[in-house]
Amino acid sequence: MMFDFVDGSTGDEIAAGLNTSALDQIKLQPRVLENVEGRRLETDLLGETFGLPFGIAPMGMCNLVWPGADAALAAEVQQRGIPLCASSAASTSLEDMAALAGERAWFQLYVGQSREAAFNLVDRAAAAGYRVLVLTVDTPQISRRIRDLKNGFKVPFRMGPRQVLDFALHPHWSLSTLFAGPPMPMNFETAGREFERGESRGGIDWTFLDLLRARWTGRLVVKGVMAADDAVRIRDAGADAVYVSNHGGRQLDSAPPAIQALPQIRTAVGPDFPLLFDSGLRSGEDIVKALALGADFVMLGRPILYAIGAAGAPGLARLIDCIADDIGVAMAQIGRRAIADIDGTVLADPADEPAQTDLEPEVLVPLKKADNR
């Protein structure tokens, strides 16, 4: 059940499959006889320098994957010097996450039916010392996620025969979670509010963005943008960065691959406006591809939870090591020594960017079957 919660997507899970397939089709151009000694992975973004060109995307209820996942994430970002975006639906309160992750913590805001409740979270984030706020705008209504429905995974959670059997077949997870205490959406618990996963968030609009910009004095990032004209309007409204994402294919199954939208949005907002990216990234080479297509920084979601679910905190550390190593190797192969030197010229065919990607129908069938297992 927990694996499906992480791995699953909306509808027939076509969008999630296309995210990864579109990235797979992008090719990097190997170069030779370039001096690539002393490669550096440091990256500047939003007035800060990070140790790696990627951070941890906002993900709700991470402690469901393994007890203490939030603490493991916080420890890693402190050590690596990368950002961790704490979700509104996190299993650790925003105050506790700020204490654990320090200045590396960002806060991600969902806006439900109550704007007052949303602004209360914003004020709490400011009081806790957060300097970056990430407003998610691509979930006006949470989608139907078939695997969760099939498994009976919902909030509030209720045990039935299927769930009892699932937990019994995974005693290590079940006993560890029982001992640690069932995770709760702590930002709602601490505010005395009931968490409604399916709550409509459709009331958020451009007026709200203006109000938020006026209220939040720190850096403001708007997440879930797939249209170039939306990105331009967000930039002009005073946001400090746009976060290109289709929610990992978890919202609209007919959405195009997020990597296709990235170069279009880069062209629209200009060369210097900060862009973040997620959706479909699975490797160090994928990160290099996103940087080549216009991202300044990327965020990782599912791979992080896969690693924690597989091996806890050591698995997370090992994954980050592997991805960082793979970025360095890819940079050596394409003849680049610094992240800032990665641009469209490292693509094997710059004219054949992912906007031109055409997946044949027979490619979609195995993707769909594989993702649904």
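For the structure, check the block above.
So, here is what we can say about the structure in this document. (Residues numbered from 1 in each chain as written. Predicted model: local features only at pLDDT ≥ 70, side-chain atom pairs only at ≥ 80, totals over all residues. Heavy atoms only, no water.)

## Observations concerning the packing of aromatic side chains
Argument step 1. Under the definition given, this model contains 7 aromatic pairs.
Argument step 2. Seen from their ring centres, phenylalanine 3 and tyrosine 306 are 6.3 Å apart, and the 25 degrees between their planes marks the pair as stacked. You can see phenylalanine 3 sitting in helix α1 (residues 2–7) and its partner tyrosine 306 sitting in helix α14 (residues 302–334), a full 303 residues away along the chain.
Argument step 3. According to the relative accessible area criterion, tyrosine 306 is partly exposed, its value standing at 26%.
Argument step 4. What links up through ring pairs into an aromatic cluster is the set Phe50, Trp106 and Phe297. (Phe/Tyr/Trp six-rings, centres within 6.5 Å; stacked < 30°, edge-to-face > 60°. Helix = DSSP H or I, 4+ residues; strand = E, 2+ residues; numbered from the N terminus. Buried < 20%, exposed > 50% of the residue type's maximum accessible area, 1.4 Å probe, protein only.)

## Digging into empty space enclosed by the protein
Argument step 1. In the structure shown here, the tally under the stated rule is 4 cavities of 30 Å³ or more.
Argument step 2. Each pocket or cavity is described by its volume, and for the second largest cavity that value is around 60 Å³.
Argument step 3. If you go around the second largest cavity, the residues you meet are Ala57, Pro58, Met59, Cys62, Asp70, Leu73, Leu84, Cys85, Ala86, Ser87, Ala90 and Met97.
Argument step 4. Elements that contribute at least two residues to the lining of the second largest cavity include exactly α3 (69–80) and β4 (84–86).
Argument step 5. In terms of residue count, β4 provides more of the lining of the second largest cavity than any other element does, 3 residues in total. (1 Å grid on protein atoms, 1.4 Å probe; cavity = no way out; pocket = protein on both sides within 12 Å on 5 of 7 lines; lining within 4 Å. Points joined across faces, edges and corners; volume = space filled by probe spheres on them.)

## What about a nonpolar patch on the surface?
Argument step 1. On the surface, Phe157, Met159 and Val164 cluster together to form a nonpolar patch covering roughly 270 Å² of accessible area.
Argument step 2. Among the structural elements, valine 164 can be located in helix α7 (residues 161–168). (Patch = residues over 30% accessible without salt bridge, like charges linked within 9 Å, V, L, I, M, F, W, Y side chains within 5 Å. Areas by Shrake-Rupley, 256 points an atom, 1.4 Å probe, with all protein chains shown as cover. Salt bridge = Lys/Arg side-chain N within 4 Å of Asp/Glu carboxyl O.)

## Regarding unusual backbone geometry
Argument step 1. For leucine 46, which is not a glycine, the phi torsion comes out positive at approximately 50 degrees.
Argument step 2. Residue position: leucine 46 is located in the loop between β1 (43–45) and β2 (48–50).
Argument step 3. The backbone of methionine 61 sits at a positive phi, close to 55 degrees, despite the residue not being glycine.
Argument step 4. Along the chain, methionine 61 turns up in the loop between β3 (54–56) and α3.
Argument step 5. On the basis of relative accessible area, methionine 61 is assigned to the buried category, the value being 12%.

## Points about the pattern of salt bridges
Argument step 1. A full pass over the atoms with the stated rule returns 16 salt bridges.
Argument step 2. Here arginine 80 ties to glutamate 76 by a salt bridge, and the two come within 2.9 Å at their closest N and O atoms. A residue pair is termed a helical-turn pair when its members lie 3 or 4 positions apart in one helix, as arginine 80 and glutamate 76 do in helix α3 at 4 residues. The two residues arginine 80 and glutamate 76 agree in class, both being buried.
Argument step 3. With a shortest N-O distance of 3.0 Å, aspartate 240 and arginine 213 are connected by a salt bridge. In this pair, aspartate 240 sits in the loop between α11 (228–236) and β8 (241–244) while arginine 213 sits in helix α10 (residues 206–215), placing the two residues 27 residues apart along the sequence.
Argument step 4. It is possible to trace a salt-bridge network through shared partners that takes in Asp4, Asp7, Glu13 and Arg147.

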